[in-house]
Amino acid sequence: MGSSAPSTLSRSVPRNRSVRVAAIGSPAQRPGASTRSARASTVVRRRAVVLALSFVSLVLVTVYFRESDGGVLHGFQSTGAAILRPFEVGAERVASPFRDGAGWFGGLFHAKSENKKLKEEIERLRQEVILSQSALRENAQLKALLDYRQGARFPTDYRAVAARVIARPPTQFEQQIVVSAGKNDGIAKHDAVVTEDGLVGEVTKVASNVAQVTLLTDNESAVSAIDIDTNAAGLVQHGSSGAALMVDRVTKDQVVNQGDVFVTSGFRSGDLTSLYPKGIPIGTVPTRVSQSDTDVYKHIQLDPYVDFSKLEAVIVLAKKPEAK
């Protein structure tokens, strides 16, 4: 037993040593080092190829510009261009519809944008024209009102209050307008309202800065009038059978002819006086006056001087305060 242990030990030691030496001295390399080496060599090759191609390109360009038109490189260029020409033509034909379509859509969008701008410009100019025409018309009416106020026809016992029409009749059955003057301007209920053409109506409601005017064409309106040619007297009120106005209460013994002019009578009877000053034009008789044997009064149509559908400015005749 004592001799077998050393022999076993002596045989096992070399075996273990050789295994250790083999493990330590193994020539195998790490994977990381191999990958870095491969990458470095790839980069070097790429740089070399780039440098070579750059050098060749530089040489070819230099030779191309230095040789004549019949040189080798020019010949290669012409041959290459001839070979590639069919492909260029085909590509041009394929791309042409798309290019034309893109140009058409671009032109369409541009045209729409220009059309919108032109419409906006036209609308702006139209508004300016409307405003200018309205201002000219209003200035003409105001000038006419001023001339009337300063003329001999203006009643001397009244003060003129100029006002703009700010609201028109809502329906044909309600003949009222609203004007831009009221109590603060000295206007009172039943004041007469006129234009340079003639009688408009009377003030029926008054507020601080506005007033309602009932037109002569309203069903409830009536004014005493007189024919300036024959002195026939009657009552002007809303017309019937399509007439704007009519003269009622004219007896058969009075004479009224076609073309005669009626004005406000401005009567006075003691303390009772007419609402309207004397001599304000109302209208003219358009047709021959008719009468029947059974009727008490004549049938007289009257065309008003005032165009009630185009009122834009009026004059309210405010009574002057009586001198004490």
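Preceding this section is the structure that the text describes.
A.B. asks: Which parts of the structure should I look at to understand the overall build of the chain?
C.D. replies: Secondary structure assignment for the chain yields three helices and 14 strands. Evaluated residue by residue, the chain yields a buried proportion of 26% over its 324 residues. In the chain, once contacts between residues fewer than 6 apart in sequence are set aside, the share between residues at least 24 apart is 56%. On the chain, roughly 22400 Å² of surface is accessible, and the fraction owed to carbon and sulfur atoms is 58%.

A.B. asks: Just to check I follow, could you spell out the pairing of strand β8 (residues 245-248) for this structure?
C.D. replies: When a strand is regular, its side chains alternate between the sheet's two faces. Burial along β8 is two-sided: L245 and V247 and M246 and D248, pointing in opposite directions, are all buried. Note: strand β7 (residues 233-238) against β8, four bridges, orientation antiparallel. Within β8, the residue paired with V236 across the bridge is V247. Of the pairings in the sheet, the one linking β8 to strand β13 (residues 300-304) comprises three bridges and is antiparallel in character.

A.B. asks: Please clarify how the nonpolar core should be interpreted in this entry.
C.D. replies: One broad trend across soluble globular proteins is that nonpolar side chains are buried collectively. The biggest cluster of nonpolar side chains holds 47 residues, and the ones touching the most others in it are V236, I282 and L311. Excluding anything up to four places from it in sequence, L311 contacts V165, R168, I177, T195, V200, L215 and V306.

A.B. asks: Would you mind showing me how to read unusual backbone geometry here?
C.D. replies: Among all residues except glycine, the phi angle is most often negative; among peptide bonds, the trans geometry is most common. The phi torsion at N231 lies on the positive side, around 70 degrees, for a residue other than glycine. Accessibility expressed as a relative area gives 55% for N231, which makes it exposed. The phi dihedral of R249 falls on the positive side, at around 65 degrees, and the residue is not glycine. Assignment of secondary structure puts R249 in the loop between β8 and β9 (261-264).

A.B. asks: Help me out: how do you make sense of the sheet that holds β13 in this one?
C.D. replies: Paired through their backbone hydrogen bonds, the strands of a sheet run either parallel or antiparallel. An order of β6-β7-β8-β13-β12-β9 is seen for the six strands of this closed barrel, with the pairing classed as antiparallel. With direction set aside, neighbouring strand axes in the sheet form an average angle of 40 degrees. Inspection of the sheet shows strand β6 (residues 222-227) paired to β9 by three bridges, in the antiparallel sense. The residue bridging I226 from the neighbouring strand is V263, located in β9.

A.B. asks: Sorry, what's going on with the pairing of β6 here?
C.D. replies: Summarising the sheet, β6 and β7 pair through five bridges and their orientation is antiparallel. Counted as the bridge partner of A222 is Q237 from β7. Counting the residues in the hairpin turn of β6 and β7 gives five residues, including N231, whose phi is positive at 70 degrees.

A.B. asks: Is there a simple way to explain the side chain of Q175 in this structure?
C.D. replies: Checked against the element boundaries, Q175 lands in the loop between β1 (158-167) and β2 (176-179). Given a relative accessible area of 13%, Q175 falls into the buried group. Polar side-chain contacts of Q175 include one of 3.0 Å to the side chain of T217. Those residues in contact with Q175, other than ones at most four positions away along the chain, are P169, V213, T214, L215, T217 and D218.

A.B. asks: In this structure, what is going on with a nonpolar patch on the surface? I would like to understand it.
C.D. replies: There is a patch of nonpolar side chains on the surface, built from F55, V56 and V59 and spanning about 270 Å² of accessible area. Within the secondary structure, V56 sits in helix α2 (residues 31-66). With a relative accessible area of 43%, V56 lands in the partly exposed category.

A.B. asks: What is the right way to look at the environment of V213 in this model?
C.D. replies: Of note, V213 is situated in strand β5 (residues 211-215). With sequence-adjacent residues up to four places away left out, V213 is seen in contact with Q175, Q176, I177, V179, V193, G201, E202, V203 and T204.

A.B. asks: I keep staring at the side chain of D227 and nothing clicks. Help me out?
C.D. replies: Position of D227 relative to the elements: it lies in strand β6. Buried and without a salt bridge, D227 has K298 as its closest oppositely charged side chain, separated by 9.9 Å. Apart from residues lying up to four places away in sequence, D227 is in contact with A232, V255, V256, D260, V261 and F262.

A.B. asks: What should I look at first to understand the environment of R168 in this one?
C.D. replies: Tracing the sequence through the fold places R168 in the loop between β1 and β2. Look at R168 and you get partly exposed, because its relative accessible area is 41%. With residues near it in sequence (within four places) discarded, R168 still touches Q176, I177, S309, K310, L311 and E312. Reaching out from R168, the side chain makes a polar contact with the backbone oxygen of L311 at a distance of 2.6 Å.

A.B. asks: How should the pattern of salt bridges be read in this particular structure?
C.D. replies: Where charged atoms from two side chains of opposite charge come close, those side chains can pair. One pass over the structure, following the stated rule, counts four salt bridges. The partner of E121 in a salt bridge is R124, and the shortest N-O contact between them spans 2.4 Å. Of this pair, E121 and R124 both sit in helix α3 (residues 72-150), separated by three residues, roughly a single helical turn. Here R124 falls in the partly exposed class, since its relative accessible area comes to 39%. Three or more residues are tied together by salt bridges with common partners; here these are E121, R124 and E128.

Conventions and cut-offs
Residues numbered from 1 in each chain as written. Predicted model: local features only at pLDDT ≥ 70, side-chain atom pairs only at ≥ 80, totals over all residues. Heavy atoms only, no water. Helix = DSSP H or I, 4+ residues; strand = E, 2+ residues; numbered from the N terminus. Buried < 20%, exposed > 50% of the residue type's maximum accessible area, 1.4 Å probe, protein only. Contact = heavy atoms within 4.5 Å. Areas by Shrake-Rupley, 256 points an atom, 1.4 Å probe, with all protein chains shown as cover. Pairing = 2+ DSSP bridges. Core = buried A, V, L, I, M, F, W, Y, C linked by side-chain atoms within 4.5 Å. Axes fitted to C-alpha atoms, helices over the stretch in contact; angles between N-to-C directions. Polar contact = N/O pair within 3.5 Å; in protein donor to acceptor, adjacent residues only side chain to side chain. Patch = residues over 30% accessible without salt bridge, like charges linked within 9 Å, V, L, I, M, F, W, Y side chains within 5 Å. Salt bridge = Lys/Arg side-chain N within 4 Å of Asp/Glu carboxyl O. Lys, Arg positive; Asp, Glu negative; His and termini not counted.

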